[in-house]
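# Chain and residue survey
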Amino acid sequence: MDKNLYRLLCCPQCKNDLITKPGKFYCKYCKQTYRINGGIPDFSYKINESGMKLSQKKWNEKYRHDAQKNIAGELDFLDRKFFSLVRSQIEKHHRLKKENVFLEIGCGTFYFGRHLAKLGYPVVGIDMSIEALKLAQTVFKQEGIKNYLLVCGNVLDMPFKKNSFDLLYGAGVIEHFPDTFSAVKELRRVLKKGGVAYNTVPYLNIGSLTYRQIWGNIPRLPWLEAAFTFFHTKILGGRHMRFGYELSFTRSYLEKIHRQAGFSGAKTGQFDCELDFDYLKNKFLRRLAIFLAKNSPLFWPMIYVAGKK
Ligand SMILES: [Zn+2]
């Protein structure tokens, strides 16, 4: 952990500077103490919003289970599978320079930050799952990585000062908050002027309205959203919602809320990701599904939105 990066921290509630004490931080305005939990600054004192609580519970369960695995091997696997693919797409919107500070929201075990840190970039990761961050920290320590800061906290109320980051990345994060607009505003706050927020989210299309329903996806469309939320949370009780509450969006909606949140512009498009249709047993159907997901906007699984401050 690079303690120089503590300079970016602030009180998540009032956004004033914190007083650093041994093993904790203190806000004299809110009279609130934030402890350092196993080496990780912990600002997750209150996660009240119900959708987020459900996600937090599911993710902590997943990472507690993952703790029994070979985590470094797991991160190597993710690195090989995703790092170059993701980086090349992000760098079309912001090319990282050496002194740039990178933030990943919902970083999990932070395979992406691990690779960037090894290349020499200062990296910061925030996640609401302390279990995930502890796994990441264990690997970083083993590998002698030092130029990083991991923080446990709420993406809707981040413990970071305004104008802190050059590039912010969220892989499937902002669709997990019902109040997407507040989330986008919060991302803009922590970015420097000219900085870019690059997020990937499920695309609202025929794909999300059909096969994505097995994970309980909720389309962000005025009348459909209420009906799907009722169906998945009240009738089915959220059992099949693998990652908790999850929305899908149209491109125009994402562009609109970024502009409304004060971004100077926002671009959207297809996000090229690894496709997983292993649950389709029929070979022909599987090939068709992969073809459609790659080539037809009606079936693209994920899109990106790159907002420039
Ligand atoms: Zn405060």
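Structure report, in brief.

Cut-offs used in this document
- Residue indices follow the written sequence of each chain, beginning from 1 at its first position.
- Restriction of local features to residues with pLDDT of at least 70 applies here, the model being predicted, together with a cutoff of 80 or more for giving and counting side-chain atom pairs; totals for whole chains, interfaces and linings are based on all residues.
- Side-chain descriptors were evaluated using all non-hydrogen atoms of the structure, hydrogens and water having been removed beforehand.
- Pairing between strands is defined by DSSP: at least two bridges between them are needed.
- The secondary structure listing takes helices from DSSP runs of H or I that are at least 4 residues long and strands from runs of E that are at least 2 residues long, numbered from the N terminus.
- Any N, O or S atom lying within 2.8 Å of the metal counts as a donor, with the limit raised to 3.2 Å for Na, K and Ca; because water is left out of the atom set, some sites can appear incomplete.
- A site with four donors is called tetrahedral when every donor-metal-donor angle falls between 85 and 135 degrees; four donors are called square planar, and six octahedral, when opposite donors sit more than 155 degrees apart and all other angles fall between 65 and 115; any other arrangement is irregular.
- Each residue gets one of three labels from its accessible area relative to the maximum for its type: buried under 20%, exposed over 50%, partly exposed in between, using a 1.4 Å probe on protein chains only.

### Regarding the sheet that holds strand β2 (residues 24-27)
In spatial order, the strands read β1-β2-β3-β4; together these four strands make up an open sheet with antiparallel pairing. Either end of the sheet is taken by a strand with one partner, and the two such strands are β1 (19-21) and β4 (40-41). Pairing between strand β3 (residues 32-37) and β4: two bridges, direction antiparallel. Within β4, the residue paired with I36 across the bridge is P41.

### Topic: the coordination of the zinc ion
In this structure, C11 (SG), C14 (SG), C27 (SG) and C30 (SG) serve as the protein donors to the zinc ion, at separations of 2.3 Å. Seen from the zinc ion, its four donor atoms lie at angles of 102 to 114 degrees, and the figure they make is tetrahedral. Mapped onto the polypeptide sequence, the residues donating to the zinc ion form the spacing pattern C-x2-C-x12-C-x2-C. Remark: C27 occurs in strand β2 and C11 occurs in the segment before β1; sequence separation between them is 16 residues. C27 shares its class with C11; the two are buried.

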